[in-house]
Amino acid sequence: MNYNILVTGGAGYIGTVLVPQLLSRGYKVTVLDNLLHNADGLISCFRSKNFTFVKGDIRDESLISSITPKYDIIIHLAAIVGYPACRSNPDLAYSINVSGSKNISKNLSKEQTIFFGSTGSNYGIVKEICTEETPLNPLSLYGTSKTEAEEILLNNNSCIAYRFATAFGISPRLRLDLLINDFAFKAIKQGYVVVYEKHFRRTFIHVEDIARSFLFGIDNMDSMRSNVYNIGSNKMNHTKEEICELIKDRTNAYFHYAAIGEDSDKRDYIVSYDKIQKLGFDTEITVEEGLDEMIKCFSIIDINSPYSNV
Ligand SMILES: NC(=O)c1ccc[n+]([C@@H]2O[C@H](COP(=O)([O-])OP(=O)(O)OC[C@H]3O[C@@H](n4cnc5c(N)ncnc54)[C@H](O)[C@@H]3O)[C@@H](O)[C@H]2O)c1
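Overview of the structure. Just so it is clear, the model here is predicted, and its values are computed rather than measured. (Residues numbered from 1 in each chain as written. Predicted model: local features only at pLDDT ≥ 70, side-chain atom pairs only at ≥ 80, totals over all residues. Heavy atoms only, no water.)

1. Side note on the environment of Lys248
Stated precisely, the cut-off is as follows: By the criteria applied, helices consist of DSSP H or I runs no shorter than four residues and strands consist of E runs no shorter than two, each listed in order from the N terminus. We call two residues in contact whenever any of their non-hydrogen atoms come within 4.5 Å of each other.
Tracing the backbone shows Lys248 in helix H9 (residues 240-248). With sequence-adjacent residues up to four places away left out, Lys248 is seen in contact with Ala253, Phe255 and Tyr257.

Laid out in structure tokens, this is it:
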């Protein structure tokens, strides 16, 4: 099928990996993004006649009502992402993550399919193995706003909600605030990393595997609609300390395990990915492979402070 696809937030970390993959399948792709960061990661896409870029905001009612009906599939990624970013501007975060999603939701028809980029931060503290049926108990504004948006979008029978593990790896719009990327960058550039809550169990997925999960979803959307899926792999649950050991194997960095500091989302859980695996999706890229590519790439990134003479 030659789908016409709208990707909101497509200029971001996940979008800039996903959009070239959609184009390479021959789909027509429009990115709608208000460019909170920039669009540099999409520059190579402009060469494609199937690519369109719209600079705009998902909260803009007239824009969303005029463009949404044109698409077979909407991949909704636009958001203020992560608890630190949400905490630094709570009103903006709520308005984009919840009101923006509501605005998209009310303009959908039942012929369209919407994929929602949701998150494991919806779960909060979980003692047992976390499945899609585990009650949601989000603890940060990021988690509560994504949970509310997910609920709104799932009211459309055409919604497929993907609760992602924490992403890692290289993207044209690189994020260094993600746990593995952050630790690896500090290990290479500073030579030391301070780590709190070292025993906390987290769950990870390479950004290329996130992009693949959308291609998988497009191929299987008729059987996947009106459902939530944890997106990651049973083999990718690791403690923070295990991640540090993998980085130590590849660098000379010193790791200090600190008694202070905490994750506002309290993510310390093992997540089950049985539901998506039973349908035939699993991840392909290991943490080790992601670390190797990042360590290579970090040689081209400098830390510059305008207030340092160095
Ligand atoms: N990266 C992860 O580990 C991860 C994990 C779980 C869920 N997610 C979800 O996946 C989605 C994408 O995450 P990402 O890592 O690519 O984040 P990102 O911050 O790199 O990208 C978000 C994009 O949304 C755009 N945007 C923000 N507000 C907008 C608005 N009002 N209108 C239009 N565009 C807007 C930004 O300009 C940016 O390009 C988010 O919804 C996030 O909650 C990401």
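2. Brief notes about the side chain of Thr119
What counts, and what does not: Definition of a polar contact: a pair of N or O atoms within 3.5 Å, with one able to donate and the other able to accept a hydrogen when the atoms are protein atoms, and with sequence-neighbouring residues admitted only if both atoms are side-chain atoms.
Relative to the helices and strands, Thr119 is located in strand E5 (residues 113-119). Within the structure, the side chain of Thr119 is placed 2.9 Å from the backbone nitrogen of Ser121, a separation counted as a polar contact. Look past the residues within four positions of Thr119 in its chain and what remains in contact with it is Tyr142, Lys146, Tyr162, Arg163 and Phe164.

3. Some thoughts on unusual backbone geometry
Using the following cut-off: Throughout this description, buried means an accessible area under 20% of the type-specific maximum (1.4 Å probe, protein chains only), exposed means over 50%, and partly exposed covers the range between.
Phi is positive for Leu35, which is not a glycine, with a value near 55°. Inspection of the secondary structure puts Leu35 in the loop between strand E2 (28-33) and strand E3 (51-55). For Leu35, a relative accessible area of 24% corresponds to the partly exposed category. Its identity is not glycine, yet Ser226 carries a phi of approximately 60°, on the positive side. Assignment of secondary structure puts Ser226 in the loop between helix H8 (221-224) and strand E10 (227-231).

4. What to know about helix H5 (residues 141-154)
Let me state the cut-off plainly: Each residue after the first adds 1.5 Å to the expected span of a helix.
The terminal C-alpha atoms of H5, which comprises 14 residues, lie 20 Å apart, in line with the 20 Å expected from a rise of 1.5 Å per residue. All of the buried residues in H5 are Tyr142, Gly143, Ser145, Lys146, Thr147, Ala149, Glu150, Ile152 and Leu153. Tucked into the core, H5 has its buried residues touching strand E4 (73-76), helix H3 (83-88), helix H4 (90-105), E5, strand E6 (159-164) and E10.

5. Quick word on the packing of aromatic side chains
How we decide: Only Phe, Tyr and Trp rings take part, Trp by its six-membered ring, and two of them pair if their centres are within 6.5 Å. Stacked means planes under 30 degrees apart, edge-to-face means over 60, and tilted covers everything else.
Taken as a whole and assessed by the stated rule, the structure comprises 12 aromatic pairs. A centroid spacing of 6.4 Å and a plane angle of 85° characterise the contact between Tyr162 and Tyr229, whose relative ring orientation is edge-to-face. With Tyr162 in strand E6 and Tyr229 in strand E10, this pair connects stretches of sequence that are 67 residues apart. Aromatic pair Phe185 and Phe298: ring centres 5.0 Å apart, planes at 85°, arrangement edge-to-face. Of this pair, Phe185 sits in helix H6 (residues 179-189) while Phe298 sits in the segment after helix H11 (287-297), and the two are 113 residues apart along the sequence. By way of ring pairs, the aromatic residues Phe115, Tyr162, Phe164, Phe214 and Tyr229 are connected into one cluster.

6. Thoughts on helix H1 (residues 15-24)
Counting buried positions over the 10 residues of H1 gives eight, a clear majority of the element. Within H1 the residues assigned to the buried category are Gly15, Thr16, Val17, Leu18, Val19, Gln21, Leu22 and Leu23. Contacts from the buried residues of H1 go to strand E1 (4-8), E2, E3, E4 and helix H7 (207-219). Looking one or two residues past H1, Gly26 carries a phi angle of roughly 90°, positive in sign.

7. Some remarks on the sheet that holds E10
The condition that has to hold: One requirement defines pairing of two strands: DSSP has to find at least two bridges between them. Whenever a helix is involved, its axis is fitted only over the stretch in contact; in every case the axis is a line through C-alpha atoms, and angles between N-to-C directions fall within 0 to 180 degrees.
Here seven strands make up an open sheet; going across it, the order is E3-E2-E1-E4-E5-E6-E10 and the pairing parallel. Edge strands, defined here as strands with exactly one partner in the open sheet, are E3 and E10. Sheet twist, expressed as the average angle between the axes of neighbouring strands with direction ignored, equals 20°. Sheet topology places E1 next to E4; four bridges connect them, and they run parallel. For Val7, the partnering residue across the bridge sits in E4 and is Ile75.

Geometric values such as these leave the question of function open.
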